[in-house]
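# Per-entry structural report
Spelled out, the chains give:
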Amino acid sequence: MQVITHTTVKVESMTTAQLRRIYSIRQLRWANSTPIVVFVLPSQHIIHKNFSKNVLNIFPYKLDRIWNKLTFSGLGVAPTVVKSQEALLKAVSTTPGAIGYVDNLNKDADVNVIKISI
């Protein structure tokens, strides 16, 4: 599992706590004030389930609850859901400030790979 960002995001590593803040929509901007644009796979997708459980240490249904609460209360916007890893990779590579995750990454992808520390 690899966390990826757009090439304009100048971050080399993140903790799981930082990733949790981003994916629970509590951190909205990068350190340089660029808005964070979050891309995810559908909640039922095996890669999304693995990312949620193994990287974020949050069950996928809890993420859905957080996103729904923010959306329905008008306090935030849920991440953009894309249908496949290829679509997620393309979305992250073409959207400044974007973050996402993939199971495996091809070497010629034009994205940054983030090192995850505990």
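Criteria and thresholds
Residues numbered from 1 in each chain as written. Predicted model: local features only at pLDDT ≥ 70, side-chain atom pairs only at ≥ 80, totals over all residues. Heavy atoms only, no water. Pairing = 2+ DSSP bridges. Helix = DSSP H or I, 4+ residues; strand = E, 2+ residues; numbered from the N terminus. Contact = heavy atoms within 4.5 Å. Axes fitted to C-alpha atoms, helices over the stretch in contact; angles between N-to-C directions. Expected span 1.5 Å × (residues − 1). Buried < 20%, exposed > 50% of the residue type's maximum accessible area, 1.4 Å probe, protein only. Arc of directions from axis to C-beta. Core = buried A, V, L, I, M, F, W, Y, C linked by side-chain atoms within 4.5 Å. Phe/Tyr/Trp six-rings, centres within 6.5 Å; stacked < 30°, edge-to-face > 60°.

A sheet is described by the order of its strands in space; here six strands give the open sequence β2-β6-β1-β5-β3-β4, paired in mixed fashion. The sheet is open, and its two edges are formed by β2 (13-15) and β4 (80-81), each paired on a single side. One ladder, built from three bridges, connects β2 with strand β6 (residues 112-117); its direction is parallel. Residue pairing for β6: M14 is matched across the bridge by I116. Against the sheet, helix α2 (residues 46-56) contacts β1 (2-5), β3 (37-40), β5 (98-102) and β6, and its axis sits at roughly 100° relative to β5.

On to helix α3 (residues 60-73), then. End to end, α3 covers 20 Å across 14 residues, agreeing with the expected 20 Å (1.5 Å per residue, within 8%). Among all positions in α3, only P60, L63, W67 and L70 are buried. Buried residues along α3 cover an arc of 95° about the axis, so they all sit on one side. Exposed side of α3, more than 90 degrees from the buried face: R65, K69 and F72 are the residues found there. Among the structural elements, α1 (16-23), β3 and α2 are those in contact with the buried residues of α3. Count one or two residues on from α3 and you reach G74, which has phi positive near 80°.

In this section: the nonpolar core. Within the largest apolar cluster, 33 residues are counted, with the highest numbers of intra-cluster contacts made by L19, I22, Y23, V38, L88 and I99. The contact partners of I22, leaving out residues within four places of it in the chain, are M14, Q27, W30, I36, V38 and I99.

Once that is clear, we can look at the packing of aromatic side chains. Tallied over the entire structure, the rule returns four aromatic pairs. Each ring, one from F51 and one from Y101, has its centre 4.1 Å from the other, and the planes form 10°; the classification is stacked. Here the residue F51 occupies a position in helix α2, and Y101 occupies one in strand β5, the gap between them amounting to 50 residues. Residue F51 is classed as buried on the basis of its relative accessible area of 0%.

Another point: helix α4 (residues 85-94). Every buried residue of α4 is listed here: Q85, L88, L89, A91 and V92. Mapping the buried residues of α4 onto a view down its axis gives an arc of 165°, with all of them on the same face. Facing away from the buried side of α4, by more than 90 degrees, are the exposed residues E86, K90 and T94.

This part covers the pairing of β1. Bridging between β1 and β5 involves four bridges; their strand directions are antiparallel. For Q2, the partnering residue across the bridge sits in β5 and is V102. Sheet analysis places β1 next to β6, joined by three bridges and oriented antiparallel. For T5, the partnering residue across the bridge sits in β6 and is N112.

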